[in-house]
Amino acid sequence: MQYRVGIGYDIHRLVQGRKLFLGAVEIPYVKGLLGHSDGDALIHALCDALLGALALGDIGEHFPDTDPKYQGIASSRLLKMVKELLDKSGYKINNLDVVIIAQEPTLIPFKKQMKEKICALLDLRQDALNIKAKTNEGLGAVGHLEAIACYATASLIRED
Ligand code: MG
């Protein structure tokens, strides 16, 4: 058996006039995440964790924010493209773990839907993905409602 692990991190600014997407779910809130794509920091962190485990660089190299073809793109499509790279590698996802750090809104009611969406995108069993949500205790940019940050880890496995 071959094992690999990867880590991903992302942070996006919370701004007026944008929809909030996290984990490929639209979440009702007064602000949304600024970004070249839909700003889904959770999906971006997951993409980076998977790319990291595959030793394939980072999301910015694969989907540059200077490329107009990614303007406004749903991040679920980026995750699908990372999944294609994963499938090519012969590795399968052993498990994924995610932390969302958001002072607002309360994300607990949306975790189940996020999990269903991500598992469907990655063709993954639901017990292979864990999503955690926490506040930043009112501290710093995240605590002051200026941003939402996410961490992700990916563990991959391949039978040789
Ligand atoms: Mg990002």
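None of the values given here were measured: they were computed from a predicted structure.

1. Here's the deal with the side chain of Asp40
Here is step 1 of the chain: Take Asp40: it is sitting in the loop between β4 (31-33) and α1 (41-53).
Here is step 2 of the chain: Put simply, Asp40 is tucked away with no salt bridge, and the nearest opposite charge, on Lys117, sits 9.2 Å away.
Here is step 3 of the chain: At 2.7 Å, the side chain of Asp40 and the backbone nitrogen of Ala24 are in polar contact.
Here is step 4 of the chain: Setting aside residues up to four positions removed in sequence, Asp40 forms contacts with Phe21, Leu22, Gly23, Ala24 and Ser75.

2. Notes on the pairing of strand β7 (residues 147-158)
Here is step 1 of the chain: Within β7, 9 of the 12 residues are buried, leaving the element largely enclosed by the surrounding structure.
Here is step 2 of the chain: Sheet topology note: the strand β1 (residues 2-16)/β7 ladder contains 12 bridges and is antiparallel. Along β7, the bridge assignment pairs Ile7 with Thr153.
Here is step 3 of the chain: Bridge count between strand β5 (residues 92-101) and β7: 9 bridges; the pairing is antiparallel. Within β7, the residue paired with Ile93 across the bridge is Leu156.

3. Re a nonpolar patch on the surface
Here is step 1 of the chain: A cluster of nonpolar side chains, Tyr9, Ile11 and Tyr151, forms an exposed patch at the surface whose accessible area comes to about 280 Å².
Here is step 2 of the chain: Summarising the element assignment, Ile11 is placed in strand β1.
Here is step 3 of the chain: Judged by its relative accessible area of 39%, Ile11 falls in the partly exposed class.

4. Describing the coordination of the magnesium ion
Here is step 1 of the chain: At the metal site, the magnesium ion is ligated by Asp10 (OD), His12 (NE2) and His44 (ND1), and these contacts range over 2.1 to 2.2 Å.
Here is step 2 of the chain: Within one chain, the residues serving as donors to the magnesium ion are arranged as D-x1-H-x31-H.
Here is step 3 of the chain: The buried category is assigned to Asp10, whose relative accessible area is 16%.

Cut-offs and rules
- Residues numbered from 1 in each chain as written.
- Predicted model: local features only at pLDDT ≥ 70, side-chain atom pairs only at ≥ 80, totals over all residues.
- Heavy atoms only, no water.
- Helix = DSSP H or I, 4+ residues; strand = E, 2+ residues; numbered from the N terminus.
- Buried < 20%, exposed > 50% of the residue type's maximum accessible area, 1.4 Å probe, protein only.
- Lys, Arg positive; Asp, Glu negative; His and termini not counted.
- Salt bridge = Lys/Arg side-chain N within 4 Å of Asp/Glu carboxyl O.
- Polar contact = N/O pair within 3.5 Å; in protein donor to acceptor, adjacent residues only side chain to side chain.
- Contact = heavy atoms within 4.5 Å.
- Pairing = 2+ DSSP bridges.
- Patch = residues over 30% accessible without salt bridge, like charges linked within 9 Å, V, L, I, M, F, W, Y side chains within 5 Å.
- Areas by Shrake-Rupley, 256 points an atom, 1.4 Å probe, with all protein chains shown as cover.
- Donors = N, O, S within 2.8 Å, 3.2 Å for Na, K, Ca; no water.

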